[in-house]
Amino acid sequence: ESAKIAGLGGVWKAWLSDDTTSVLSRMSKTNALYKRIDKVLVAQGWDDLVDGTLLNPINVTEKNTIMNTPWVWTNSTAVGGIRQTYTNSCDNWISNSTGGGTGDSSRSDSGWSDFGASACYISRPLYCIEQ
């Protein structure tokens, strides 16, 4: 929805796993270049995106501004797997009373997707990838 409001067009999916469905199983895999909105290269195709590191951090929003918080909801490993079931997906992203797995948007090592956890009542951004 944020991409649509920003006039980006295309189809976008969140880099987000729940208790049973991983990012890896939901995303289209392509050899196309993955770039941020500001055209900075993040990965040279799907295999590069999920090899555990990025060429540059994903720290720019759909409005082409630097993110105001580094922590991003993911519950995903850097290779696209489910980080942890139940306790790290805010009860499948429907509850604010548990915890959720996060990534750190300032990082380009595996911490970009699998950094830590946060209380679910805190609003956090998502990584979205054009499909």
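See the structure printed just above.
Residues numbered from 1 in each chain as written. Predicted model: local features only at pLDDT ≥ 70, side-chain atom pairs only at ≥ 80, totals over all residues. Heavy atoms only, no water.

Novice: Hey, could you go over the pairing of strand S5 (residues 99-104) for me, with residue numbers and the actual values?
Specialist: Here S5 lies mainly inside the structure; 6 of its 6 residues are buried. Alternating residues of S5 divide into Gly 99, Gly 101 and Gly 103 and Gly 100, Thr 102 and Asp 104, and every residue in both groups is buried. Relative to strand S6 (residues 116-119), S5 runs antiparallel, the two sharing 4 bridges. Along S6, the bridge assignment pairs Gly 100 with Ser 118. (Buried < 20%, exposed > 50% of the residue type's maximum accessible area, 1.4 Å probe, protein only. Helix = DSSP H or I, 4+ residues; strand = E, 2+ residues; numbered from the N terminus. Pairing = 2+ DSSP bridges.)

Novice: Would you mind going over the state of the cysteines in detail, with residue names and values included?
Specialist: Within this structure, the stated rule accounts for 1 disulfide. Between Cys 128, a free cysteine, and Cys 90, which holds the nearest cysteine sulfur, the sulfur-to-sulfur gap is 16 Å. Relative accessible area serves as the criterion here: at 43%, Cys 128 is assigned to the partly exposed category. (Disulfide = S-S within 2.5 Å.)

Novice: So what about the environment of Asn 64? Which residues, and what values?
Specialist: Mapping Asn 64 onto the fold places it in the loop between helix H3 (46-49) and strand S4 (71-73). The spacing of Asn 64 and Asp 38 is 26 residues in sequence and 6.1 Å in space, taken between C-alpha atoms. Not counting the four nearest positions on each side in its chain, Asn 64 is found in contact with Ile 37 and Asp 38. (Contact = heavy atoms within 4.5 Å.)

Novice: So what's going on with the sheet that holds S6? Which residues, and what values?
Specialist: Sheet strands pair via backbone hydrogen bonds, and the direction of the pair is either parallel or antiparallel. An order of S4-S5-S6 is seen for the 3 strands of this open sheet, with the pairing classed as antiparallel. Among the strands making up the open sheet, the edge pair consists of S4 and S6. Between one strand axis and the next, the sheet turns by 50° as a mean value, whatever way the strands run. As defined by bridge partners, S4 adjoins S5 across 3 bridges and the pair is classed as antiparallel. Each bridged residue has a counterpart across the sheet, and for Val 72 the counterpart in S5 is Gly 103. (Axes fitted to C-alpha atoms, helices over the stretch in contact; angles between N-to-C directions.)

Novice: Describe unusual backbone geometry, with residues and values.
Specialist: Note: most residues except glycine have negative phi, and most peptide bonds are trans. At Asn 92, a position not held by glycine, the phi torsion is positive, near 60°. Structurally, the position occupied by Asn 92 is in helix H4 (residues 90-93). Classification of Asn 92 by relative accessible area gives partly exposed; the value is 35%. Residues other than glycine seldom take positive phi values, yet Trp 93 does so here, at roughly 65°.

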